[in-house]
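Spelled out, the chains give:
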Amino acid sequence: MGLIEFCLLSLMTPQGPAQPPAHAGAAVEAVVAATPSETLAKAEAAGQYADASTLTELTRCPEEAVAARAAWILASSGNQAHLTALPDVVEASPHAEARLQALHGILQHGDISTTATAIHALGDPDRRCRTVAAQALGRLRRPAAIEPLLALIRAAKDASKDTPPTDVQAALLTLTDLGASRHLLRMASDVAHAQVAGCGQALAYAFQEMSPRLEPRDETTALIAVLGHEELLVRRYAIARLTELADPRSIAALDARLDLEGPALRPLLEVAVAHLMDDRQSEPAGRLGRLVDDTAALSAKAASWWTEQRATGKAILCAIPSALLFGLWLIRRSLQQRRRYADALAAAALVSPSDECYAEDDVPFEDDECSDYDPYEEHEPYDTYDHGEVSVASAPPSDAPFWPEANQLVAAHEGEAADDRFS
C-alpha cells in the first residue's frame, strides 16, 4: 500500500469529537463564571430597583460569594418585593452564607408573616442560621414557636461541638421572652440530656425570670427537681429561691443534698437548711398559719397571672376601671347639677309673687247670692217695736249688777281667783 492510500484510509475511518484547545476551554469557562458576577454588578447598580427574581436566582448560583452578596442586597433593601423574596432564599439557597444573610434581614425587619420561615430555619444544618432564626422568633413573639424551640434544644446533641452552642442559648432566651414558664423542667431536662456545655447562664436566667410566674407549690416542685442539675448556676438559684419560698417540703430535699453537693455550694446549703428550720419552728400554727399561706399563694398567683399578660391586655384591664370611675363621676356630676337646678327653681318660687296674696277687698265683689240685691227695690216694711209696753219704773228692784261679769274681771285683775272662762 502506498503512502497516498494510507492517508485516504485514515481520513475515512470514523473518529470521536475533537477536543477543543486548552486555551479555548479556559475562555469558555471564564465567560460562564463571569455571567453571575456581571448580573450581580448590574443588580447592585440598580439598588432597590433591581429585579427581585434575578437576585433570588443569584442566591442559588454555584458561587457562594455571589449568592451571599445577592442575599445581602435583598435583606438590606427597603423594597417590599425584595423582602418578600427572603423566605425563598432561606428555604432554597444551597449556601449557608446566603441563608444567613436572608435570616438577618428577617430578624431586622420583624415581619410577622415570616414566622413559618423562621421556624423552618430552626432545622438548618448551619448553627449560625439556627441561632439567628431563634433570635428572629424571639422578636416576633409567636407562641407557635415554643414547641419547635424545645425540639431544637432536644436535638442539640447532634450539633457540632467545635463551636459554642449559640443556637441552644438563643432558644433558651427566646423561650424566656415567650413566657414558657410551664416548660421550665422540660428545658432543664433537655439541656441535661443533650449534654451541651456553656448553657448554664442562659438556663439560670430562664429560671430566674420564669419560676416566680408559677404558683408557689409548682415552683417549689420545679426547683427541687433541678437541685441535682449539672449546671452550677441553676443549682445555686434553686437553693436561694427555695430558701426564699420557705416551703416545708424543701427542707428534706435540701438536707438530702448536703452529702452530694460540692464545696462550692455546700455552705449555701447549710445556711438554707438552718434558715428554713428556724422559720419552721417560729411560723404560726393553726388557722392563722393556713390563712397566711393561703394569702401568700393567692398573691403569688395574682402576680403570676398579671406578669403573663401582654401589654395590650394590661392596658385594657387598667382602662376598664378607669372608664367605670369616669362614668360614675359623670353620673354624680349630672345628679348634682339637677339638684342645684331644682334648688334654684325652689328659691325663685319663694321670691316670686303669688295669686293668693291679694286682699279680699281688691277682688271685685262677685257673690252669686248677693248679686241680685237691689237697694232701690221696695221690700216689706219691718214691724216697729212698741217701747210703751215696757216700763222701767214698774220693774222690780234687784241688787245684781247690770253686767254680772264685771266683778269677776276686777278680781282676776287683782290676782284673786277668777272664773275659768278668764283663766
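Since the structure is predicted, the reported quantities are computational estimates derived from the model, not experimental observations.

Asks: Help me out: how do you make sense of the overall build of the chain in this one?
Replies: If you tally the helices and strands in the chain, you get 20 helices and zero strands. Of the contacts made within the chain by residues no fewer than 6 positions apart, 64% connect residues no fewer than 24 positions apart. Accessible area of the chain: about 28600 Å², with a carbon and sulfur share of 57%.

Asks: What exactly am I supposed to notice about the packing of helix 4 (residues 64-76) against helix 7 (residues 96-109) here?
Replies: Relative placement of two packed helices is described by the angle separating their axes and the distance separating the axes. The contact between helix 4 and helix 7 brings their axes to 7 Å, and the two run at 10°. One element, helix 4, and the other, helix 7, form an angle in the roughly parallel class. Between helix 4, through E64, A67, A68, A71, W72 and A75, and helix 7, the contact on the second element is made entirely by E97, A98, Q101, A102, G105, Q108 and H109. A class-by-class count of the residues in the contact of helix 4 with helix 7 yields seven nonpolar, four polar and two charged.

Asks: When you look at a nonpolar patch on the surface in this model, what are you seeing that I'm missing?
Replies: Where nonpolar side chains cluster on the molecular surface, the patch consists of W305, W306, I316, L317, I320 and L324 and spans about 590 Å² of accessible area. Mapped onto the nonpolar patch, the elements with two or more residues apiece are helix 18 (286-308) and helix 19 (311-351). It is helix 19 that contributes the most residues to the nonpolar patch, four residues altogether. By the secondary structure assignment, I320 is in helix 19. Take I320: its relative accessible area is 47%, and that puts it in the partly exposed class.

Asks: Where do I start with the pattern of salt bridges in this structure?
Replies: One side chain can pair with another of opposite charge once the charged atoms of both are near each other. This structure, assessed with the given rule, holds 16 salt bridges. Among the ionic pairs, R186 bridges to D190, the shortest N-O distance being 4.0 Å. Placement of the pair is R186 and D190 together in helix 12 (residues 184-194), with a separation of four residues, close to one helical turn. Residue class for R186 comes out partly exposed when judged on its relative accessible area of 35%. Connected via shared salt-bridge partners are E147, R154, R186 and D190.

Asks: How do you make sense of the packing of helix 10 (residues 146-154) against helix 11 (residues 166-177) when you look at a structure like this?
Replies: Packing of helix 10 against helix 11 brings their axes to within 9 Å, and their N-to-C directions diverge by 150°. By the criterion of interaxial angle, the relationship of helix 10 to helix 11 is roughly antiparallel. Considering the relative orientation of helix 10 and helix 11, their crossing is left-handed. Counting all contacts with helix 10, which are made through I146, L149, L150, L152 and I153, the residues of helix 11 involved are D167, V168, A171, L172, T174 and L175. Residue composition of the contact of helix 10 with helix 11, by class: nine nonpolar, one polar and one charged.

Asks: Would you explain the environment of E44 in this entry?
Replies: One can find E44 in helix 2 (residues 22-46). Taking C-alpha positions, E44 is 9.7 Å from L55, a pair spaced eleven residues apart along the chain. The contact partners of E44, leaving out residues within four places of it in the chain, are R69 and I73.

Asks: Sorry if this is basic, but what is going on with the nonpolar core here?
Replies: When a protein is soluble and globular, its nonpolar side chains tend to lie buried together. L149, L172 and L254 are the most contacted members of the largest nonpolar core, which totals 76 residues. For this core, the leading source of residues is helix 4, giving seven residues. Aside from chain neighbours lying at most four places away, what touches L172 is I153, M187, V191, C199, A202 and L203.

Asks: I'm lost on the side chain of R99 in this one. Help?
Replies: If you trace the backbone, R99 turns up in helix 7. Looking at R99, its side chain comes within polar contact range of the main-chain oxygen of S93, at 3.0 Å. Apart from the residues within four sequence positions on either side, R99 is in contact with V89, V90, S93, P94, D124, P125, D126 and C129.

Asks: Got a minute to help me understand the environment of G138 in this structure?
Replies: Relative to the helices and strands, G138 resides in helix 9 (residues 127-140). A relative accessible area of 9% means that G138 is categorised as buried.

Asks: I would appreciate a short explanation of helix 9 in the present structure.
Replies: Note: α-helices contain 3.6 residues per turn, so residues at a spacing of three or four share the same orientation. Look at helix 9: 20 Å from first C-alpha to last across 14 residues, which is about the 20 Å you get at 1.5 Å a residue. By the criterion of burial, helix 9 is predominantly enclosed, with eleven of the 14 residues buried. All buried positions along helix 9 are accounted for by R127, C129, R130, T131, V132, A133, A134, A136, L137, G138 and L140. Residues of helix 9 that are buried sit in contact with helix 7, helix 8 (115-121), helix 10 and helix 11. If you check the start of helix 9, you find a side-chain oxygen 3.0 Å away from the backbone N of R128, and it comes from D126.

Asks: Could you clarify how one ought to interpret the confidence of the model for the chain in this entry?
Replies: In low-pLDDT segments, the atomic positions of the prediction should not be examined closely. Looking at the chain as a whole, the pLDDT averages 78, with 71% of positions reaching at least 70. Contacts of residues 1-34 to residues separated by more than four positions or lying in other chains number three contacts, the stretch itself having pLDDT below 50.

Asks: Honestly, helix 11 in this entry has me stumped. Any pointers?
Replies: In this model helix 11 runs 16 Å from its N-terminal to its C-terminal C-alpha over twelve residues, within 8% of the 16 Å that 1.5 Å per residue would give. Residues of helix 11 that are buried in the fold lie against helix 9, helix 10, helix 12 and helix 13 (200-210).

About the cut-offs
Residues numbered from 1 in each chain as written. Predicted model: local features only at pLDDT ≥ 70, side-chain atom pairs only at ≥ 80, totals over all residues. Heavy atoms only, no water. Helix = DSSP H or I, 4+ residues; strand = E, 2+ residues; numbered from the N terminus. Contact = heavy atoms within 4.5 Å. Areas by Shrake-Rupley, 256 points an atom, 1.4 Å probe, with all protein chains shown as cover. Axes fitted to C-alpha atoms, helices over the stretch in contact; angles between N-to-C directions. Parallel < 35°, antiparallel > 145°, perpendicular 65-115°, else oblique. Nonpolar A, V, L, I, M, F, W, Y, C, P; charged D, E, K, R; others polar. Patch = residues over 30% accessible without salt bridge, like charges linked within 9 Å, V, L, I, M, F, W, Y side chains within 5 Å. Salt bridge = Lys/Arg side-chain N within 4 Å of Asp/Glu carboxyl O. Buried < 20%, exposed > 50% of the residue type's maximum accessible area, 1.4 Å probe, protein only. Left-handed = near helix turned anticlockwise from the far one by under 90°. Core = buried A, V, L, I, M, F, W, Y, C linked by side-chain atoms within 4.5 Å. Polar contact = N/O pair within 3.5 Å; in protein donor to acceptor, adjacent residues only side chain to side chain. Expected span 1.5 Å × (residues − 1). pLDDT = per-residue confidence, 0-100.

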